[in-house]
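Chains, contacts and geometry: an overview
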Amino acid sequence: MIDGALLLDKPVGVTSNFALQRARKLLGAHKAGHAGTLDPLASGLLIALFGEATKFAGLLLDSEKEYAATLKLGETTATGDAEGGILESRPVEVSAADIQAALEGFKGEIEQVPPMHSALKRDGVPLYKLARRGESVERQPRPVRILELELLDFKKPFLNIRVRCSKGTYIRTLAEDIGAALRTGAHLGALRRTGSGRFRVSDAVTLPALEAMSPVERQAELLPVDSLLSQLPRIELDAASEARLRNGQTLQMTALPEGVSAVYGAGGALIGLGRAESGTLRPLRLTQVPEKG
């Protein structure tokens, strides 16, 4: 059994699932998942999860993300990115100061209308499939949070920015909205995910590098499952308490940290996630009991 997480630097031009399945085969893992997809046109950090690590994908999906994005001002497209046909062209008569002022308006809590070219579903059908058929449906604005928005470089018509944001933020929508604020129009020209939670793309491995490694070297690239939970409070249980929690029972304990915690057994092995509330610990996501012998 292969259990752990792999920080993968996904290349442009392949789907997240293609990159995941290639890594799974190279590692010989049976079960695989990931902690947040990237479009084929995007590159960067893809957290691949194997075995027991897949149980904690939801926790990673909720984490903040960081991106380096290139916007092309002066052109809006049908898809909001470089793949779509040009809908409108406008002159780009803005300065770096104009851009900086516009970016300030997007920091903090904002609302976004999800793009049609997204994986959100309407009546069970992904929006991007409807968009490919030329259909458009009404989408309700959703709140997101832009924690950091930095102007990196501006060489007309290309604008490079760094974005740190909450889950659910659509960078192509942010690009279009910035273009609208500047009155130039814009689309997303390129996107690279540089961070997810505490994990950075600078620590990730590429598929060609992984392919060139020996099986032992590939195994060494895996992060242990409990490294995914290292920023959570830690609760340690004795053997009797662990058995009750694994049987779905709640535990009455004192001095529990409120909310979600990483729960460990007496031997230091990860049990999983628990939620504490008013002195009561309930199981959330638990690992399998290690086989003896």
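Let me begin by describing the structure that accompanies this report. Note that this is a predicted model, so its numbers are computed, not measured.

**Points about the packing of aromatic side chains**
- On inspection of all chains with the given rule, the structure shows 0 aromatic pairs.
- One Lys or Arg, Arg-234, reaches over the ring of Tyr-264 and ends 3.7 Å from the middle of that ring.

**Brief notes about the pattern of salt bridges**
- Across all of its chains, the model carries 17 salt bridges by this definition.
- Between Arg-164 and Glu-148 there is a salt bridge; the shortest N-O distance is 3.0 Å. On the criterion of sequence distance, the pair formed by Arg-164 in strand 11 (residues 158-165) and Glu-148 in strand 10 (residues 142-155) is long-range, its members being 16 residues apart.
- Relative accessible area serves as the criterion here: at 27%, Glu-148 is assigned to the partly exposed category.

**Quick notes on the nonpolar core**
- Formed by 29 residues in total, the largest nonpolar core has its most connected members in Ile-161 and Ile-178.
- Of all the secondary-structure elements, those providing two or more residues to this core are strand 4 (65-73), helix 3 (96-104), strand 10, strand 11, helix 5 (171-182) and strand 12 (186-196).
- When residues of this core are assigned to their parent elements, the largest contribution, 5 residues, is made by helix 5.
- Filtering out sequence-adjacent residues up to four positions away, Ile-178 remains in contact with Leu-71, Leu-103, Phe-106, Leu-159 and Ile-161.

**Things to note about the sheet that holds strand 18 (residues 270-277)**
- Reading across the sheet, the 5 strands line up as 15-17-18-19-16 and stay open at both edges, with mixed pairing between neighbours. Each having just a single partner strand, strand 15 (234-236) and strand 16 (251-252) make up the two edges of the open sheet.
- Of the pairings in the sheet, the one linking strand 15 to strand 17 (residues 259-264) comprises 3 bridges and is parallel in character. Following the sheet pairing, Ile-235 is matched in strand 17 by Val-263.

**Points about the side chain of Thr-173**
- Considering the arrangement of structural elements, one finds Thr-173 in helix 5.
- The contacts of Thr-173, once residues within four sequence positions are left out, are Gln-112, Val-113 and Pro-115.

**Remarks on unusual backbone geometry**
- With an omega of 10 degrees, the peptide bond running from Lys-156 to Pro-157 counts as cis.
- Along the chain, the position of Pro-157 falls in the loop between strand 10 and strand 11.
- A positive phi angle, close to 55 degrees, is found at Ser-278, a residue other than glycine.
- Its place among the elements puts Ser-278 in the loop between strand 18 and strand 19 (280-286).

**Focus: helix 5**
- For helix 5, spanning 12 residues, the distance from its first C-alpha to its last is 16 Å, which sits close to the expected 16 Å at 1.5 Å a residue.
- All of the buried residues in helix 5 are Ile-171, Arg-172, Thr-173, Leu-174, Ala-175, Ile-178, Gly-179 and Leu-182.
- For helix 5, the elements touching its buried residues are strand 4, helix 3, strand 7 (108-112), strand 10, strand 11 and strand 12.
- Phi turns positive one or two residues past the end of helix 5, at Arg-183, with a value near 65 degrees.

**A word on the packing of helix 3 against helix 5**
- Contact geometry for helix 3 and helix 5: axes closest at 10 Å, N-to-C directions at 120 degrees. On the basis of their axis angle, the class for helix 3 and helix 5 is oblique. Between helix 3 and helix 5 the crossing geometry is right-handed. Here Asp-98, Ile-99, Ala-102 and Leu-103 of helix 3 come into contact with helix 5, specifically with Ile-178, Ala-181 and Leu-182.
- Of the residues contributing to the contact of helix 3 with helix 5, the split by class is 6 nonpolar, no polar and 1 charged.

**Points about helix 1 (residues 16-27)**
- Taking 1.5 Å of rise per residue, 12 residues should cover 16 Å, and helix 1 covers 17 Å from first to last C-alpha, within 8% of that figure.
- Looking only at helix 1, the buried set comprises Ser-16, Ala-19, Leu-20, Ala-23, Leu-26 and Leu-27. End-on, the buried residues of helix 1 take up no more than an arc of 130 degrees, which puts them together on one face.
- Structurally, helix 1 contributes buried residues whose contacts are with strand 1 (4-10), strand 2 (32-34), strand 3 (42-50), helix 6 (207-212) and helix 7 (215-220).
- Phi turns positive one or two residues past the end of helix 1, at Gly-28, with a value near 75 degrees.

What counts and how
- Residues numbered from 1 in each chain as written.
- Predicted model: local features only at pLDDT ≥ 70, side-chain atom pairs only at ≥ 80, totals over all residues.
- Heavy atoms only, no water.
- Phe/Tyr/Trp six-rings, centres within 6.5 Å; stacked < 30°, edge-to-face > 60°.
- Lys NZ or Arg CZ within 6 Å of the ring centre and 35° of its normal.
- Salt bridge = Lys/Arg side-chain N within 4 Å of Asp/Glu carboxyl O.
- Helix = DSSP H or I, 4+ residues; strand = E, 2+ residues; numbered from the N terminus.
- Buried < 20%, exposed > 50% of the residue type's maximum accessible area, 1.4 Å probe, protein only.
- Core = buried A, V, L, I, M, F, W, Y, C linked by side-chain atoms within 4.5 Å.
- Contact = heavy atoms within 4.5 Å.
- Pairing = 2+ DSSP bridges.
- Expected span 1.5 Å × (residues − 1).
- Axes fitted to C-alpha atoms, helices over the stretch in contact; angles between N-to-C directions.
- Parallel < 35°, antiparallel > 145°, perpendicular 65-115°, else oblique.
- Left-handed = near helix turned anticlockwise from the far one by under 90°.
- Nonpolar A, V, L, I, M, F, W, Y, C, P; charged D, E, K, R; others polar.
- Arc of directions from axis to C-beta.

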